[in-house]
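# Remarks on the overall topology
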Amino acid sequence: MSSTTFRTFARSFGSKIEKPVRTHLVNVYACLTVSMIAAAIGAYVHLFTNFLSAGLFTTLGATGLLLALMYTQDNGKNRSLRISYLVGFTFFTGLGIGPVLEYVIHVDPSIIPTAFLASTLVFTSFSLSAIFAERGKWLYLGGTLMSLLSVLMCLSLANLFLGSDLIFKSYLYLGLALMSGFVLYDTQLIMEKRRAGDKDFIAHSVDLFVDFIGIFRRLLIILAQKEQGSKKRKD
């Protein structure tokens, strides 16, 4: 991006969004960046050390830290504590992705950076679409997304008994579309919450982190399956 293009983008960003909301979004995305680094460290620990690995303990740890974060209300003085909960939650989430990464590395290690770059592109595109869209334009998606989430859960449960490859692929692609939709919805919802006086950027970053991880995890599996299918056809 050239300096002229960047300045034009910055002026557009500044003129379209109120300063409190703009500042809030900067804080949200800063927390999201910290979360991604913590998750990457967690994944590294699972893959390359014997210190911790994904399992029941990591699931319980992630759940406990998320609950601790959500039930510790922001009072302006406890942000360091709440950020530590956030980092812990995202670290354990990264550990939880470890088994998927092991599977992908076995298929083709180059899939991981490809999936990450693709996830970043999708996330950034939908985030910017939400930020610069008409106010509240994507909030109507809430009901539809929740309904699709219920369908997704039903597909997952059904496939535990059926073991259908078609259902599993439907689950992956529907989930990818669903998480992309949540990026639109959650981004605009965060903006509206800030306009209503909610300044909890730490909790708001969790929503976007979950959306990104949902996209990344599904793209990893989709690309790995395609690579496996390509290898089988060559053989």
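Under an unreviewed UniProt entry, the name given to the chain is Bax inhibitor 1, and the source organism is Aphis gossypii. Within the UniProt record for the chain, the comment given under Sequence similarities (unreviewed entry) is "Belongs to the BI1 family." What UniProt states about the chain under its Subcellular location (unreviewed entry) heading is, verbatim, "Membrane".

### So, the UniProt feature "transmembrane region" (unreviewed entry) in the chain
UniProt records the feature "transmembrane region" (unreviewed entry) at residues 21–45, 51–71, 83–105, 111–132, 139–162 and 168–185, using the numbering of this structure. Between the C-alpha atoms that bound residues 21–45 the distance is 36 Å, and the span itself is 100% helix and 0% strand.

### Quick look at the side chain of Ser180
As for its position among the elements, Ser180 is in helix H7 (residues 165–195). Sequence-distant contacts of Ser180, that is, excluding residues within four places in its chain, are made with Val122, Phe126 and Ile215.

### Brief notes about the packing of aromatic side chains
Using the criterion set out here, one finds nine aromatic pairs in the structure. Between Phe57 and Phe92, the ring centres sit 5.8 Å apart and the planes meet at 85 degrees, which makes this aromatic pair edge-to-face. Taken together, the positions of Phe57 in helix H3 (residues 56–71) and Phe92 in helix H4 (residues 79–107) put the pair 35 residues apart, joining distant regions of the chain. Residue classification places Phe57 among the exposed positions, given a relative accessible area of 54%. Here the aromatic rings of Phe91 and Phe92 are separated by 5.7 Å at their centres, their planes lie at 70 degrees, and the arrangement is edge-to-face. Taking relative accessible area as the criterion, Phe91 reaches 18% and is therefore assigned buried.

Cut-off values and rules
Residues numbered from 1 in each chain as written. Predicted model: local features only at pLDDT ≥ 70, side-chain atom pairs only at ≥ 80, totals over all residues. Heavy atoms only, no water. UniProt positions renumbered as here; feature names shortened; annotations may be inferred. Helix = DSSP H or I, 4+ residues; strand = E, 2+ residues; numbered from the N terminus. Contact = heavy atoms within 4.5 Å. Phe/Tyr/Trp six-rings, centres within 6.5 Å; stacked < 30°, edge-to-face > 60°. Buried < 20%, exposed > 50% of the residue type's maximum accessible area, 1.4 Å probe, protein only.

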